[in-house]
Amino acid sequence: MDLYLLGQAIVMTVIASVVIMYACDEFEACADYLGRNMSGGLKGALINAIGSSLPELLTASFLLFMYNDMAGFTAGIATTAGSAVFNTVVIPLLCIVAVRYYGVKKSDGTVEKLKEITISKKSFARDATFLILAELLLLYFLGNTELTWIAGASLVVFYLVYVAYLMIQHKMSNSTDSEDDDDDDDDDDEQPSKLKALITFQFNHLLFGGKKLTTKSAWVNLSLAVLVISVACHYLAEAVMISAKALDIAPYFTAIIFAAAATSVPDAILSIKDARKGNIEDSLGNVVGSNIFDITIALGAPLLVYSLVYGPVSLVGQGTTNEDMQVLRIALVVITTAVSVGFLVTKYVGKFHVHLLAVLYLIWVGYIVTSIVPTKSENIEESNFASVQLQDVKSMN
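Everything quoted here is computed from the prediction, not taken from an experiment. All residue numbers here refer to positions counted from 1 along the written sequence of the relevant chain. Selection of residues for local features in this predicted model requires a pLDDT of at least 70, selection of side-chain atom pairs for listing and counting requires 80 or more, and totals for whole chains, interfaces and linings are taken over all residues. To obtain the side-chain values, all non-hydrogen atoms of the structure were included, while hydrogens and water were left out.

Focus on a nonpolar patch on the surface
Here is step 1 of the chain: Taken together, Phe65, Trp149, Ile150, Val305, Leu308, Val309 and Tyr310 make up a surface patch of nonpolar side chains, about 710 Å² in accessible area.
Here is step 2 of the chain: Numbering of helices and strands starts at the N terminus; helices are DSSP runs of H or I of at least 4 residues and strands are runs of E of at least 2. Elements supplying a minimum of two residues to the nonpolar patch: helix H5 (149–173) and helix H10 (280–310).
Here is step 3 of the chain: At 4 residues, the largest contribution of residues to the nonpolar patch is made by H10. Put simply, a patch holds well-exposed residues, over 30% relative accessible area, that have no salt bridge, with like charges counted together within 9 Å and Val, Leu, Ile, Met, Phe, Trp or Tyr side chains within 5 Å. Surface accessibility follows the Shrake-Rupley procedure with a 1.4 Å probe radius. Residue values consider only the protein chains on display as shielding. Each reported salt bridge corresponds to a side-chain nitrogen of Lys or Arg within 4 Å of a carboxyl oxygen of Asp or Glu.

Next up, the structure:
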């Protein structure tokens, strides 16, 4: 183990996650403004999903195109899978704990602790069904020895079908939700200093004096936020490879540990804020929509472009087999199904779900640890075998 390289990777991951967190705040504020005329379901599937899943998309793209091999691609899969598990288990857990033990801020300034939370079973079941189908689709493609452009295109098309379904469902429901979200302007009363705005990437305050967003300023700020997030994700991809070298394990595993957690930080913080503002159903429901985007677009789009340019991606070699990824995806499907059933069969979301989610995450962590140990032992056996062969050659000479 190279402690210096590992420390370097950890520092890079921490810095990247903080940068991603602040830059995503600016991105989502601008994207929310630009999508203000969209219907609720479509806005959630496009604007909110892209905003929260942009780090996963960029990190998976960098891992695939920068390293141009199976190690990079499997690390990209591990990033989206690990992030999806984190989103499915940890974020709802934190949101439930936040409203149960810290309470929800009401309009009159008081705080109310909620012991039981009600969610829309119909919309949750819809999104959970699409998510499980997306995971099964990816599971099918990972059963092959290589992935072609067809796999990437199929995942992208699946997401487009999901968005189309939301649009049709919204038109059929004829529910005119007048969402005049003027409450968001409350945060603009406090003007940060130029230094704070620079450090936290508040481009609207830096360039436009914190004035109300316009179409022009929103596009400028959004573009700069994407640039900052892209740079952070580039270094996050490097941190994955550096930590893999330091620990002498496949990048596939370090991506699950480092990249997945770092790219999920914005989701976690924003969801907790939403929950404490009283938007509990949105904070839980958006997690599922974000995971659909992760599985289909964040992984499918880079795969589609890469395979069209460079050819199919092999799933054999580089310290990780397609069997490893199959087990990963099966675990993801099982966890997603367990969480979905747990939320749907009970009348309220409460203490039971806290215990359920905690147990599921402990099982997930146990899976990661037990998967890494055999990998390291195999590397040790290979090195010992190589040294024995070298000694035999020397004795023969």
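What to know about the state of the cysteines
Here is step 1 of the chain: The rule for a disulfide is simple: a pair of cysteine sulfur atoms within 2.5 Å. Taken as a whole and assessed by the stated rule, the structure comprises 0 disulfides.
Here is step 2 of the chain: No disulfide involves Cys24; its nearest neighbouring cysteine sulfur is the one of Cys233, lying 7.7 Å away.

Structural notes on the pattern of salt bridges
Between side chains of opposite charge, pairing is possible as soon as their charged atoms come close.
Here is step 1 of the chain: Under the criterion given, the structure shown has 1 salt bridge.
Here is step 2 of the chain: Among the ionic pairs, Arg126 bridges to Asp127, the shortest N-O distance being 3.0 Å.
Here is step 3 of the chain: Relative accessible area serves as the criterion here: at 8%, Asp127 is assigned to the buried category. Throughout, exposure labels follow a simple rule: accessible area from a 1.4 Å probe, protein chains only, divided by the maximum for the residue type, with under 20% read as buried, over 50% as exposed, and the rest as partly exposed.

Comments concerning unusual backbone geometry
Here is step 1 of the chain: Its identity as a non-glycine residue notwithstanding, Phe201 has a phi of 60°, on the positive side.
Here is step 2 of the chain: Assignment of secondary structure puts Phe201 in the loop between helix H6 (194–199) and helix H7 (203–208).
Here is step 3 of the chain: Taking relative accessible area as the criterion, Phe201 reaches 17% and is therefore assigned buried.

Side note on the side chain of Glu56
Here is step 1 of the chain: Within the secondary structure, Glu56 sits in helix H2 (residues 40–67).
Here is step 2 of the chain: Beyond its immediate sequence surroundings of up to four residues, Glu56 is in contact with Ser83, Asn87, Thr263, Ser264, Asp267, Asp294 and Ala298. Whether two residues are in contact is decided by their heavy atoms, any of which lying within 4.5 Å being enough.

Focus: helix H8 (residues 215–247)
Note that an α-helix has 3.6 residues per turn; residues three or four places apart therefore point the same way.
Here is step 1 of the chain: With 33 residues, H8 extends 47 Å between its outermost C-alpha atoms, agreeing within 8% with the 48 Å of an ideal straight helix rising 1.5 Å per residue.
Here is step 2 of the chain: Among the residues trailing H8, Asp248 stands out with phi positive, at a value near 60°. To estimate how far a helix should reach, multiply one less than its number of residues by 1.5 Å.

What about the packing of helix H1 (residues 3–34) against helix H9 (residues 251–277)?
Here is step 1 of the chain: Viewed as axis vectors pointing N to C, H1 and H9 meet at an angle of 30°, and their least axial separation amounts to 9 Å. On the basis of the axis angle, H1 is roughly parallel to H9. The two elements H1 and H9 meet at a crossing, and its hand is right-handed. Listed contacts from H9 to Leu6, Ile10, Thr13, Ser17, Ile20, Met21, Cys24, Asp25 and Glu28 of H1 are Phe258, Ala262, Val265, Pro266, Ile269 and Leu270.
Here is step 2 of the chain: Any residue outside Ala, Val, Leu, Ile, Met, Phe, Trp, Tyr, Cys, Pro, Asp, Glu, Lys and Arg is labelled polar, Gly included; the first ten of those are nonpolar and the last four are charged. A class-by-class count of the residues in the contact of H1 with H9 yields 11 nonpolar, 2 polar and 2 charged. Simply put, an axis is a line fit to the C-alpha atoms, just over the touching stretch for a helix, and the angle between two N-to-C directions goes from 0 to 180 degrees. Angle categories are assigned with fixed cut-offs, so that under 35 degrees is roughly parallel, over 145 is roughly antiparallel, 65 to 115 is roughly perpendicular, and the rest are oblique. Two helices that cross are described as forming a left-handed crossing if the nearer one is turned anticlockwise from the farther one by less than a right angle, and a right-handed crossing if clockwise.

A short note on the packing of H1 against H8
Here is step 1 of the chain: Orientation of H1 relative to H8, taken along the N-to-C sense of each, is 160°, at an axis distance of 7 Å. One finds that H1 runs roughly antiparallel with respect to H8. Read as a crossing pair, H1 and H8 show a hand that is left-handed.
Here is step 2 of the chain: Classifying every residue of the contact of H1 with H8 by side-chain character gives 29 nonpolar, 5 polar and 3 charged.

Don't take any of this as a statement about function, it's just geometry.
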